[in-house]
Amino acid sequence: AQKNIQIELDLLPCEITVDKDLFDQVWQNLINNAIKYTSQEGIIHVEIERSIAFVKVSIKDSGQGIPEEALPRIFDRFYMVDKARSSVHKGNGLGLSIVLKILKMHDCKIEVESRVGVGTQFIVSIPISQPYE
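Residues numbered from 1 in each chain as written. Predicted model: local features only at pLDDT ≥ 70, side-chain atom pairs only at ≥ 80, totals over all residues. Heavy atoms only, no water.

Participant: Go over the side chain of Ser114, please, and point to the residues and values.
Facilitator: Following the sequence through the fold, Ser114 ends up in strand E4 (residues 109–115). Using a relative accessible area of 16% as the deciding quantity, one classes Ser114 as buried. Of the polar contacts made by the side chain of Ser114, one reaches the backbone oxygen of Gly119; its length is 3.2 Å. Excluding anything up to four places from it in sequence, Ser114 contacts Gly65, Ile66, Leu71, Gly119 and Thr120. (Helix = DSSP H or I, 4+ residues; strand = E, 2+ residues; numbered from the N terminus. Buried < 20%, exposed > 50% of the residue type's maximum accessible area, 1.4 Å probe, protein only. Polar contact = N/O pair within 3.5 Å; in protein donor to acceptor, adjacent residues only side chain to side chain. Contact = heavy atoms within 4.5 Å.)

Have a look at this one:
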């Protein structure tokens, strides 16, 4: 609210089998990062897509973006893209490494697309459990 960020939701009802508490951490981390790095009057778009095998959750922001050379390291523990701004954006560089660990525990995948000055999108792919026959 302080930044007057618009949040757009494009959600579908779907069921997944995961540890709720751990996935709450995933969503809180990704959405908090989107808020943290989106400037005044920015936009965050959350979308759920479903295929036969996966539920894909996309969290896209209109923030500052991540430099291409930093992308391979953003899931490393304690890595912070812009150490000079770390005092402005409180954090310890553990959030995305925790997200990755939780997702791997659930056989999920995460992709990131980012352009400096345009924004960042994280896409989480969650396998759908197939019923036994």
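Participant: Outline the packing of aromatic side chains, listing residues and values.
Facilitator: Scanning the model with the defined rule gives two aromatic pairs in all. Judged by centre distance (5.7 Å) and plane angle (65°), the ring pair of Phe23 and Trp27 falls under edge-to-face. Remark: Trp27 and Phe23 occur in helix H1 (residues 20–37); sequence separation between them is four residues, near one turn of the helix. Classification of Phe23 as buried rests on a relative accessible area of 3%. The interplanar angle of 85° and the centroid separation of 6.3 Å between the aromatic rings of Phe75 and Phe122 together place this pair among those described as edge-to-face. One end of the pair, Phe75, is in the loop between strand E3 (54–61) and helix H2 (95–105); the other, Phe122, is in strand E5 (residues 119–127), with 47 residues separating them in the sequence. Grouping residues by exposure puts Phe75 and Phe122 together as buried. (Phe/Tyr/Trp six-rings, centres within 6.5 Å; stacked < 30°, edge-to-face > 60°.)

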